[in-house]
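Understanding the architecture of this molecule
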Amino acid sequence: MKRSRFFELTRIIIILLCASMLCACTQGGEGSKTEDITTTADETTGKEEITTESNNDTLENEEGTTEPENDTLEKEELTTEPENDTSEKEEITTESENDTTEKEEETSEVMKAPQLTSEISERYFVFRIWNFTITPYETFTYTVDEAVKSGFNAIKVHIPWALVQPDANTMNFSEFDRMIDYVVSEKGLKVAISIDLTRRATDALIGQEHIQRDINGNLCVGGSHAGDRTVISFCSDYAVNKAIDFYKTAVAHYENLYGNSILFYLPAFNPYCETEYWAAAEYDYSALALAAFSDFLKEEYGSVNAMNAALGTSYNDFEAVIPPPCNKADVLGTLWYRFRHERLKAVIDGLARAQRSVAPRSEFAVQFGSVFDDHSAIRGTLAFTDLCEHVDVLWVDDGPTYDHSWSMDYIRAALDGEVKLAQEIDGPLQNEATPERYLDQGLTAFEHGATYVSAANWSIDQNYRDYEHVWRQISDTWLGKNHPEVKMTTENTQILEISLLSRFRRGGFGADLARYQELGGKEGAFVYIRIIDDLSNAKGEALLPFHSFPGDFSSTQGENGWYYRSHRKGKFFDMTFSDGMWRGKAEYTLVMNGSVHTDDYDAAIIFKADKDGAIEFSYTLSLASNESDGVEYTVFVNGKPTTELGEDFIYLPYGDIASGALVLQVKQGDEVALVVNKHVTKTSDTTSVNITVEYLN
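Residues numbered from 1 in each chain as written. Predicted model: local features only at pLDDT ≥ 70, side-chain atom pairs only at ≥ 80, totals over all residues. Heavy atoms only, no water.

**Digging into helix H6 (residues 237–258)**
To keep things clear, this is the line we draw: Secondary structure elements follow DSSP: runs of H or I of four or more residues count as helices, runs of E of two or more count as strands, with numbering from the N terminus. To estimate how far a helix should extend, the number of its residues minus one is multiplied by 1.5 Å. Residue burial is assigned from relative accessible area. The probe radius is 1.4 Å, only protein chains are included, and a residue is buried under 20% of its type maximum, exposed over 50%, and partly exposed in between. Each C-beta atom gives one direction from the helix axis, and the arc is the one those directions make. The contact rule is simple, with two residues in contact once any of their heavy atoms fall within 4.5 Å.
For H6, with 22 residues, the first-to-last C-alpha span of 31 Å sits near the 32 Å given by 1.5 Å per residue. Residues of H6 that are buried include every one of Ala239, Val240, Ala243, Ile244, Phe246, Tyr247, Ala250, Val251, Tyr254 and Tyr258, and no others. One face of H6 carries all of its buried residues, which in axial projection span an arc of 165°. Those residues of H6 that are exposed and angled more than 90 degrees off the buried face are Asp237 and Asn256. The inward-facing, buried residues of H6 contact strand S2 (154–160), helix H4 (161–164), helix H5 (174–186), strand S3 (190–196), strand S7 (262–268) and helix H9 (331–358).

Spelled out as structure tokens, the structure:
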């Protein structure tokens, strides 16, 4: 990928600034913390285009599939309570270290990437078959036969709790037994079993008081398949215990019948059949969850006065605290994320324990839509390493346009040697789906360490036939004995270190992706990503001020420190707000929630400092449409271009991600502006923008 000009110059200057202003913690080991101030936030795909429609929404993804190898080692006993690492993380300070000799001696050890586990004794290319309504047996067998002809060597069968146990007095697996018996006995294939723990909106077993609700109080119900499927509240002991009991029964049933032929069991409990909060909205704000969060705050602070001091609030009691949106990154928002994480982890751990109690040699899998995209905070999957403490297989679902090498490398280093990896190729109706993209996804996933790749949401129809050459090429390349080598660490492997708390506060990983692509170079070399989980055990203590766009986007000028203006020839003009966006001096000079569009006047997003201090001003930009001739951008301070970026605007073509971070000394009232110019034409210039401002002292 091409880099925007001045990118390297910006990095060099930032590093020099950091040497005098920040203490870069470069201690080795799992618990170390090195904050990379050149990395910034936000996945930049999926923004609405003004003149050209561009919809890359990956929320339509249904589940992916994962299949572990048959590890015969005993699994260690689990506990029902999540284990929270309370070890202190090193803090970044504004003082530079005096002893540079010791620091230099440590650097060589830190920068050498550990050797990754490379042995994958078997690989599986898996075809998923859904049963939202029970698939007729003849259709099922025909589907299996055709999938095998195309190169698939395993089948994943979906088993919904609500169809097996519609009420307390009924339990019937017979229809699913026939399907699995055909795969195992007739075809001689391995089978993976996905147990769907969603229920119905009008359910005889789980009442609506035990269902998750969104931030507006609406039931968590939906999905693209029949039945109005709902998600149980992870704060309902009754619903969670019922779900775990059924899961345990189902695992025992199939382990007794086909144990040696089952790759893994995967529990799923949202409408997309993933093991996470449903990302279609923000959950869980049910009465049970709100009461549990009050208890969580009591345990965290002990007294209301202590809580108010930390939050800067004036509540009279814990019950008055209303949880914020799931991506709110202040102290309360961080605690809300941690609370939701702990509840999700407790359910995952409980399911793992139940499975091991009846099938101790079986593989336990989970499926996450993503652990790094725009919706991961809502999914509750940012701190995935902690969620995977007792997991054997992690399944992730990339959208067609994702960088699949980044996706695999991101999880691979963190889970090396303990968790097998899997990727899903979603169905043909996915936005931006093409045979070329899906071929790249399958080949890249295996090349970067996947044990499993699956195809989900496909029927044996013309769409399937149009992609059949893709299935055969993936299978021929990776399932034979003479497959390519998996990418591994070398003496020259580059390291990218990421703090999860920082990325949660910043709102995304867009700049990390840009840095990853830079480190990998033109050949796409493996990059070792060291993830520091300082989020799943984050303390409820006061944080330095932090501001973000679009996180703080508002219809009021100056709210949260942000202003929205047009710019031309060194002059700035306030915009006006209407129809959900800020409108400037020209018709298409716009600032929207997460993007801008340019016209004969530039679009400017401005942060006004609310106190004196050092700030890190970080930004990420990318164009939404390939019909644009590109845009130009720069950063102004108090109406003048920054010395670091120079007098000229920087050109950004479609396909690039521009990112940078400036460390600036500001006084209260100083203004820092990101300004985007149309380049030559104003056609299709919608530009995704993410900005974060983090005070360093």
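**Focus on the pattern of salt bridges**
We count it as follows: The term salt bridge refers to a side-chain nitrogen of Lys or Arg lying within 4 Å of a carboxyl oxygen of Asp or Glu.
Counted under the stated rule, the structure contains 29 salt bridges. Across the pair Glu468 and Arg472 runs a salt bridge, and its minimum N-O distance is 3.5 Å. You can see Glu468 and its partner Arg472 sitting in helix H15 (residues 468–478), 4 residues apart, about one turn around the helix. Among the ionic contacts, a cluster of salt bridges with common partners joins Glu146, Lys149, Arg465, Glu468 and Arg472.

**Some thoughts on the sheet that holds strand S10 (residues 420–425)**
Here is the rule: Pairs of strands are assigned from DSSP output, requiring at least two bridges between the strands. Helix axes use the C-alpha atoms of the stretch in contact, all axes being lines fitted to C-alpha atoms, and the angles between their N-to-C directions lie in the range 0 to 180 degrees.
Spatial ordering of the open sheet is given by S7-S3-S2-S1-S11-S10-S9-S8, a layout of 8 strands whose pairing is parallel. Single-partner strands in this sheet number two, and they are S7 and strand S8 (365–368). The average undirected angle you get between the axes of adjacent strands in this sheet is 25°. With 4 bridges connecting them, strand S1 (residues 124–129) and strand S11 (residues 452–455) associate as parallel partners. Note on S11: the bridge partner recorded for Tyr124 is Tyr452. Along the sheet, helix H3 (residues 137–149) makes contact with S1 and S2, crossing S1 at roughly 155°. In the packing of H15 onto the sheet, contacts are made with S1, S10 and S11, and the angle to S1 comes to roughly 145°.

**With respect to the pairing of strand S15 (residues 562–568)**
Summarising burial for S15: 6 of the 7 residues are buried, a large majority. Bridge count between S15 and strand S21 (residues 602–608): 6 bridges; the pairing is antiparallel. Paired with Arg565 across the strands is Ala604, a residue of S21. Pairing analysis gives 4 bridges linking S15 to strand S16 (residues 571–574), with the strands arranged antiparallel. If you follow Ser566 over to S16, its bridge partner there is Phe573. Once S15 ends, the chain turns through 2 residues before running back antiparallel as S16, passing Lys569 with a positive phi of about 50°.

**Let's talk about the sheet that holds strand S6 (residues 229–230)**
Strand-to-strand pairing in sheets goes through backbone hydrogen bonds, with the strands running parallel or antiparallel. Taken together, 3 strands build an open sheet; the order of strands is S4-S6-S5 and the sheet is antiparallel. Only two strands of the sheet have a single partner each, and these edge strands are strand S4 (199–200) and strand S5 (221–222). Of the strand pairs in this sheet, S4 and S6 are connected by 2 bridges, and their pairing is antiparallel. Residue pairing across strands places Arg199 opposite Thr230, the latter belonging to S6.

Function cannot be inferred from these measures alone, as they are strictly geometric.
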